[in-house]
Amino acid sequence: MSQEKSPASSSQEPLPIHRLHQSLINRIAAGEIIHRPASALKELLENCLDARATSIKITVKDGGMKLLQIQDNGCGIRRTDLPILAERFTTSKISSFSDLSRITTYGFRGEALASISHIAHLSVVTKTRSDAHAWKACYLDGVLVPSKPGQTPDPKPCAGVDGTIITIEDMFYNTPIRLSALRSPSEEYAKILDVVTKYAVHNPTISFLCKKGGSPSPEISTSPVSDVLQAIRSLYGHAIAKELLHVDVTSEQFKDGIDDPEKWSAEVYCTNANYQAKKMVFLLFINHRLVESSPLKRAIESVYSGFLPKGTFPFVYLSIEMDPRSVDVNVHPTKREVLFLNEEAIIERISDAMQQNVVGQSQSRVFEYQTLLPGVSEISALKGKKKATEDGNESEDENDDGPTESASLGKLESYLTTVASFLSVQKSLSQHKVRTSLQDRTLESMLPVNDPSRSDDSSGRAVRLGDIKESQCSLTSIAELRQSCRQEYLTEIIRNHIFVGFVDNIRCLSLIQHSTKLYLVNHATLAYQFGNFRRLRLDPHPPLRTLVELAVNVERGTEQSGLEKTEIVDRIAKTLVDRREMLSEYFALDISESGDILALPHLLKEYTPDLNKLPTFLMRLGPQVDWSSERECFESFMPELAYFYSPASGVWSGDGIGQEKSAAWQTEHILFHALRKFLIAPRSLLDNDVVQVANLPDLYRVFERC
């Protein structure tokens, strides 16, 4: 029995105390600082900001456990500092304990890279502005190691840009319990995005980019030229940004130029009572350091408890700046918490200021509701109401005491009918939604208005057009031309298009939409009828030769013809005068024997062409029209007539803003309105004048690949 009790008696002896191995000490310390990939990223982000970087790029694989890389364009690290870079308590931020009371940087302990090197493979590529090339170093357990077997562990020269690239691979490879305790890669990546988002909001003048490894598009990308409000709108969405209130709070004794360790100032962006969320989003920065404060969070929650329904919370961004002498940053291993003087008074003053602003903006509330189920038309709903009312009236005739079973059944039947109609409606995908109303916004309405006198309410209405009957013509050439125009697909596009906007008035280019496709159209090439034109009488009658001479004098390249300008004018005038009978019969262009212009073809009764373009029109009829054969003559004359009637800004149209607006209005509300009603599109327009430039489903496929 005594032999059995001897082990028990020996177990009562105290265990010997021995010194832990340094590698074990470092690994335990690393576990306190690096909890997960997001905490490692937070330390690295603060190092980048301390290095005065203006651009920070983060690449992540498997939630940061396989790869976590951060690149900045900061000041870099000296070559002589690389051997001790990953050792514990090596830092450039402080040199004595008293420096903690004046510290303005994020880091000061010098433990971040050392801790990372004990639980992952760490490599650093860095270059200062004075270095001719970059240096690469690899670390393990706080010391330099060779990047490849057989090499020395010294830093090696390599190519690189100014700044530092820190790469962490296989995080927690030697701590399997910590690795297994982490959540899925997607959840860890979400925590990384949360850290980057918060620092991007607080540092709007720094460009942040975060993406998954191998992904072409980033999840977070911010512009370096913005402010806090724009950053919140970009990262958290318009729903939060539109409800934000801006509050500035300062201490009572705050005065510029006075050295008072107790003075402080705070900037707050908080949502009003119209915004509600199931989880509170609280961004707290004290002296630009992302921290947590339970008392401050509880005070803010109590402010909103009187405005928001139970279980809903606000969005709050709070940045407090105070004298470094009033803040103790050496509280938590990860610097997640800080202590500061007059904590209760500061919290009370901030919460009171927030409450006053929220109360001031809570006089009116915005509630969103829907009167009908999605996809149910008002007619079907009214039918259901009518049927329920009829049933109710019948029951009231039988019993006036109140609603009866018949009325209830009628209402139930109406409700079921409404629900059934809702379920039968198929959801329309975004890439198949098209413009269906002429009142939708055009490109022109999205541009700034330079003329304050401009009014869009009346000019947006198209002119009512009279009917144009197809003329009777027995000419074989005309019949063949009309047959060649029967391009049903293009005619369908023109007749059912939605006008989008102008691209180039001078080149007569416009955008139209049909179904889910966008087309670029040369509207100057679209003509209407042949024969049976109205006539636009000119009084007084302008001389043909004078008009042609005006156009030839400003035309470039006439010397290439080898003729004098007077000879060119004479030939064009003679050609048109000799063919005046044909021009009058077929095209309603009347020219007298003496060479005066009597009348012009009037294609649309509601529209008068710009007569400033008449010289150019007459000049082009000479060389551009094929007068040798009948069909070619008709085929080449009509485009010239179309160019003359297109309301475009040309050589003779002037350069005033009012002239351009008039041409734009005529194009949209008269020309395209007439095209939609009368045009039979020829196949030749598909060659150069109508080009598909976008297709909504194809764009969605591109975005999905990105």
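Keep in mind that this is a model prediction, so the values were computed, not measured.

Q: Got a minute to help me understand the overall build of the protein chain in this structure?
A: Within the protein chain, the secondary structure is distributed over 23 helices and 23 strands. Burial status across the protein chain gives 42% buried among its 706 residues. Considering only contacts in the protein chain between residues 6 or more positions apart, those separated by 24 or more positions represent 70%. Roughly 40,000 Å² of accessible area belongs to the protein chain as shown, and the carbon and sulfur atoms make up 51% of that amount.

Q: Quick question: what am I supposed to make of the nonpolar core here?
A: Where a protein is soluble and globular, its nonpolar side chains tend to be buried together. Formed by 61 residues in total, the largest nonpolar core has its most connected members in Leu45, Ile56 and Ile58. Looking at which element gives the most residues to this core, the answer is helix α6 (residues 185–202), with 8 residues. Residues in contact with Ile58, not counting those within four places in the same chain, are Leu41, Leu45, Leu68, Gln69, Ile70, Val196, Leu209, Cys210 and Lys211. Grouped together as the second largest cluster of nonpolar side chains are 37 residues, Leu576, Leu603, Tyr607 and Leu618 included.

Q: Got a minute to help me understand the pattern of salt bridges in this structure?
A: Between side chains of opposite charge, a pair can form as their charged atoms come close. By the definition in use, this model includes 15 salt bridges. The partner of Arg620 in a salt bridge is Glu640, with the nearest N and O atoms 2.5 Å apart. Here Arg620, found in helix α19 (residues 614–624), pairs with Glu640, found in helix α20 (residues 630–645); they are 20 residues apart in sequence, far enough to count as distant. For Arg620, a relative accessible area of 29% corresponds to the partly exposed category.

Q: Would you take a moment to explain the side chain of Thr222 for this structure?
A: As for its position among the elements, Thr222 is in the loop between β9 (220–221) and α7 (228–236). For Thr222, a relative accessible area of 13% translates into the label buried. Looking at Thr222, its side chain comes within polar contact range of the main-chain nitrogen of Phe208, at 2.9 Å.

Q: Got a minute to help me understand the pairing of strand β22 (residues 597–602) in this structure?
A: In regular strands, side chains alternate between the two faces of the sheet. Here β22 lies mainly inside the structure; 5 of its 6 residues are buried. Bridge analysis of strand β21 (residues 590–591) against β22 gives 2 bridges, and the strand direction is antiparallel. Paired with Asp590 across the bridge in β22 is Ala599. Connecting the antiparallel pair β21 and β22 is a turn made up of 5 residues, with Gly595 showing a positive phi of about 90°.

Q: Explain the packing of aromatic side chains to me, please; I cannot follow it from the model alone.
A: Two aromatic rings are characterised by how far apart their centres lie and by the angle between their planes. Under the counting rule described, the total for this entry stands at 6 aromatic pairs. Centroid distance Tyr199 to Phe285: 5.8 Å. Interplanar angle 80°. Geometry classified as edge-to-face. Taken together, the residues span a long stretch of sequence, with Tyr199 in helix α6 and Phe285 in strand β12 (residues 281–286) at a distance of 86 residues. Each member of the pair, Tyr199 together with Phe285, is buried. Between Phe587 and Phe637, the ring centres sit 3.9 Å apart and the planes meet at 20°, which makes this aromatic pair stacked. Of this pair, Phe587 sits in helix α18 (residues 580–587) while Phe637 sits in helix α20; the two residues are 50 residues apart in sequence, bridging distant segments of the chain. Phe637 sits in the buried class, given a relative accessible area of 0%. Every member of this aromatic cluster is reached through a ring pair, and the members are Tyr199, Tyr269, Phe285 and Tyr317. One Lys or Arg, Arg79, reaches over the ring of Trp135 and ends 5.1 Å from the middle of that ring.

Cut-offs and rules
Residues numbered from 1 in each chain as written. Predicted model: local features only at pLDDT ≥ 70, side-chain atom pairs only at ≥ 80, totals over all residues. Heavy atoms only, no water. Helix = DSSP H or I, 4+ residues; strand = E, 2+ residues; numbered from the N terminus. Buried < 20%, exposed > 50% of the residue type's maximum accessible area, 1.4 Å probe, protein only. Contact = heavy atoms within 4.5 Å. Areas by Shrake-Rupley, 256 points an atom, 1.4 Å probe, with all protein chains shown as cover. Core = buried A, V, L, I, M, F, W, Y, C linked by side-chain atoms within 4.5 Å. Salt bridge = Lys/Arg side-chain N within 4 Å of Asp/Glu carboxyl O. Polar contact = N/O pair within 3.5 Å; in protein donor to acceptor, adjacent residues only side chain to side chain. Pairing = 2+ DSSP bridges. Phe/Tyr/Trp six-rings, centres within 6.5 Å; stacked < 30°, edge-to-face > 60°. Lys NZ or Arg CZ within 6 Å of the ring centre and 35° of its normal.

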